[in-house]
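A closer look at the structure
Here is what each chain is made of, one letter per residue.
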Amino acid sequence: MTIRRSSNDRLGLGALLVLAVGTFTVGTDGFVLNGLLPTIAADLRVSEAVAGQLTTVFAVTYAISSPLIAAFTGRLDRRWVLGAGMVLFTIGMAGQAIGESFAVVAVARVLAALGAAAFQSNAYVLAGALASDERRGRALATVSNGMSVSMVLGVPIGVLAGNWFGWRAVMWGIGAVALVVMLLVPLLPGLRMPTVTLRDRLAVVVRPPIARVLGVSVLGTAAAFAAFVYLPVLVAPVAAGAMISWLLVGFGIGQIAGNAFAGRATDSLGPARVRSISLIGTVATFALLDVAVLSLPGALVLALASGVFGGMLMVPQQHRLFSLAPDAPTVALGLNGSAIYGGGALGAALGGIVLSSAGVWWVGPVAAFVALLAFALSVPSRAPVAQSA
């Protein structure tokens, strides 16, 4: 594999921070709607279960478009793709801010998802490809921390601002940060990856070890989204309004702690062990969800624990994919991005179905069961080919 870099391709802290701020922006948009769900539902005159499907729209679009964007932009410098992604994302945020109906906001979510797909997967590609083997886990964790910090700062601040100024003002604010990131993208190191066709990408998917890793990403994310999208409904008896922000802060602090641990632990212990800790912890956390939400302290502990274990999952997943697909790392990470958002779509839809048909008390057990399936898939079989997963 030949990777072409520009002459100023030293991947310093400044470049990593630009990428992390970009993932922070995308993460804030991806999660802030969950905390504002009741307000958005009332404004758009739909039920909370229907409003929750705005997350599904975003996730499905991301999952489908990520490999297509990567295939059609394979010859371009990654900076062009990152910048164009932020342009689309900003337009999508403006569309959400001015949309007066569910349909218009959903279309704007599609545009924002297209931009997020172009930016986010390439941010991980840039960090992973330019970092040395022994520091790759930490480089990926730095970029991934943008998503975690969005939970600690972006999402709670967005929820508070939504309560004070309205949810549309939050969309404008996220769009403004995206515009700043777009202007900083030209300062990043240049990188051109080998051109990979869509057919080649599909060939990567069917490699059994890679398919297993991607399956774990789908199920692990689905478990989290099945519960997290409907957090305001789950904790309604003990927390509402601005108090939701404190739960999101707890979740975000947990994400940062879990992600930071995963970065170093993946380099020292290996991705398989870190992944197992993440998934087992997630199963236990969601199995106790119905008990935890009976009190505010319990809900805070639940948010923190789910953040810790959830934040540990993707760094070992990304690291493993780099090892499994050294000939096409951009393909593998792009597909993992699709798997994450595909899992998000599955989880949001599943949580909505459970909430509407079975009731709030079944959301936690269903999420725990999906996480258990992810763990079962992650356990290597005795077949030699499956051990690579």
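What counts as what
Residues numbered from 1 in each chain as written. Predicted model: local features only at pLDDT ≥ 70, side-chain atom pairs only at ≥ 80, totals over all residues. Heavy atoms only, no water. Helix = DSSP H or I, 4+ residues; strand = E, 2+ residues; numbered from the N terminus. Buried < 20%, exposed > 50% of the residue type's maximum accessible area, 1.4 Å probe, protein only. Contact = heavy atoms within 4.5 Å. Areas by Shrake-Rupley, 256 points an atom, 1.4 Å probe, with all protein chains shown as cover. Phe/Tyr/Trp six-rings, centres within 6.5 Å; stacked < 30°, edge-to-face > 60°. Expected span 1.5 Å × (residues − 1). Bend = angle between axes of the 7 residues up to and from the residue. Arc of directions from axis to C-beta. pLDDT = per-residue confidence, 0-100. Axes fitted to C-alpha atoms, helices over the stretch in contact; angles between N-to-C directions. Parallel < 35°, antiparallel > 145°, perpendicular 65-115°, else oblique. Left-handed = near helix turned anticlockwise from the far one by under 90°. Nonpolar A, V, L, I, M, F, W, Y, C, P; charged D, E, K, R; others polar. Core = buried A, V, L, I, M, F, W, Y, C linked by side-chain atoms within 4.5 Å. Domains from an automatic or database assignment. Salt bridge = Lys/Arg side-chain N within 4 Å of Asp/Glu carboxyl O.

A short note on the overall build of the protein chain
- Across its full length, the protein chain carries 18 helices and 2 strands.
- Taking all 389 residues of the protein chain together, 58% fall into the buried category.
- Taking the contacts inside the protein chain whose residues are at least 6 apart along the sequence as the reference set, 86% of them involve residues at least 24 apart.
- For the protein chain, the exposed surface amounts to about 15,000 Å²; the carbon and sulfur share of it is 72%.

Quick word on the packing of aromatic side chains
- Evaluated as defined, the whole model comprises 1 aromatic pair.
- Arranged with centres 6.4 Å apart and planes meeting at 85°, the rings of Trp164 and Phe165 form a pair that is edge-to-face. For the pair Trp164 and Phe165, one class covers both residues: exposed.

Considerations on helix 4 (residues 53–72)
- End to end, helix 4 covers 28 Å across 20 residues, agreeing with the expected 28 Å (1.5 Å per residue, within 8%).
- The largest bend along helix 4 reaches roughly 35° and is located at Ser65, with the proline Pro67 sitting one to four residues downstream.
- Most of helix 4 is tucked away: 14 of the 20 residues are buried.

What about helix 2 (residues 37–44)?
- Of all the residues in helix 2, the buried ones are Leu37, Ile40, Ala41 and Leu44. Projected onto a plane normal to the axis of helix 2, the buried residues spread over an arc of 100° and lie on a single side.
- Backbone geometry just downstream of helix 2 places Arg45 in the positive-phi region, at approximately 60°.

Some thoughts on the confidence of the model for the protein chain
- In this model, the protein chain carries a mean pLDDT of 80, and residues with pLDDT of at least 70 account for 82%.
- Per-residue pLDDT, averaged within each element of the protein chain, yields its smallest value for strand 1 (residues 4–5) (47) and its largest for helix 18 (residues 363–378) (93).
- Across residues 1–9 the pLDDT falls below 50, and counting only partners more than four positions away or on other chains, this stretch makes 26 contacts in the model.
- A low-confidence stretch, residues 383–389 (pLDDT under 50), is modelled with 17 contacts involving residues beyond four sequence positions or located in other chains.

Examining the environment of Ala376
- Position of Ala376 relative to the elements: it lies in helix 18.
- A relative accessible area of 49% means that Ala376 is categorised as partly exposed.
- Measuring from C-alpha to C-alpha, the distance between Ala376 and Leu279 comes to 9.4 Å, with 97 residues separating the pair along the chain.

A closer look at the packing of helix 10 (residues 208–228) against helix 13 (residues 271–287)
- Where helix 10 meets helix 13, the axes come as close as 11 Å, and the angle between the chain directions of the two elements is 30°. Classified by the angle their axes make, helix 10 and helix 13 are roughly parallel. Helix 10 and helix 13 meet at a crossing whose hand is left-handed. Here Val213, Val216, Gly220, Ala223, Ala224 and Ala227 of helix 10 come into contact with helix 13, specifically with Arg275, Leu279 and Phe286.
- Per-class residue counts for the contact of helix 10 with helix 13 are 7 nonpolar, 1 polar and 1 charged.

Focus on the packing of helix 5 (residues 78–98) against helix 8 (residues 167–184)
- The contact between helix 5 and helix 8 brings their axes to 8 Å, and the two run at 165°. One finds that helix 5 runs roughly antiparallel with respect to helix 8. When the axes of helix 5 and helix 8 are compared, the crossing they make is left-handed. Residue-level contacts link Gly83, Met86, Val87, Phe89, Thr90, Met93, Ala94, Gln96, Ala97 and Ile98 of helix 5 to Trp167, Arg168, Met171, Trp172, Ile174, Gly175, Ala178, Leu179, Val181 and Met182 of helix 8.
- The class makeup of the residues in the contact of helix 5 with helix 8 is 15 nonpolar, 4 polar and 1 charged.

With respect to the nonpolar core
- Leu19, Leu82, Phe89, Met171 and Leu188 are the most contacted members of the largest nonpolar core, which has 60 residues in total.
- Among the elements that make up this core, the one with the highest residue count is helix 6 (residues 102–130) (13 residues).
- Counting contributing residues, this core receives three or more from each of domain 1 (11–195) and domain 2 (200–378).
- Here Met171 is in contact with Asp29, Val32, Leu33, Met93, Gln96 and Ala97, once residues within four sequence places are set aside.
- Ala51, Phe225, Ala299 and Ala367 belong to the second-largest nonpolar core, a separate cluster that totals 43 residues.

A word on the environment of Leu313
- Mapping Leu313 onto the fold places it in the loop between helix 15 (296–311) and helix 16 (314–324).
- A C-alpha to C-alpha distance of 8.1 Å links Leu313 and Ser217, two positions 96 residues apart in sequence.
- Each residue touching Leu313, except ones within four places of it in the same chain, is listed here: Val216, Gly220, Arg275, Ser278 and Leu279.

Concerning the pattern of salt bridges
- Under the criterion given, the structure shown has 3 salt bridges.
- Across the salt bridge formed by Arg109 and Asp29, the nearest N and O atoms sit 2.8 Å from each other. Of this pair, Arg109 sits in helix 6 while Asp29 sits in helix 1 (residues 13–35), and the two are 80 residues apart along the sequence. An identical accessibility class is assigned to Arg109 and Asp29; each is buried.
- Between Arg168 and Asp43 there is a salt bridge, with the nearest N and O atoms lying 3.2 Å from each other. Here Arg168 is found in helix 8, whereas its partner Asp43 is found in helix 2, with 125 residues between them in sequence.
- The exposure class of Asp43 is partly exposed, given its relative accessible area of 29%.

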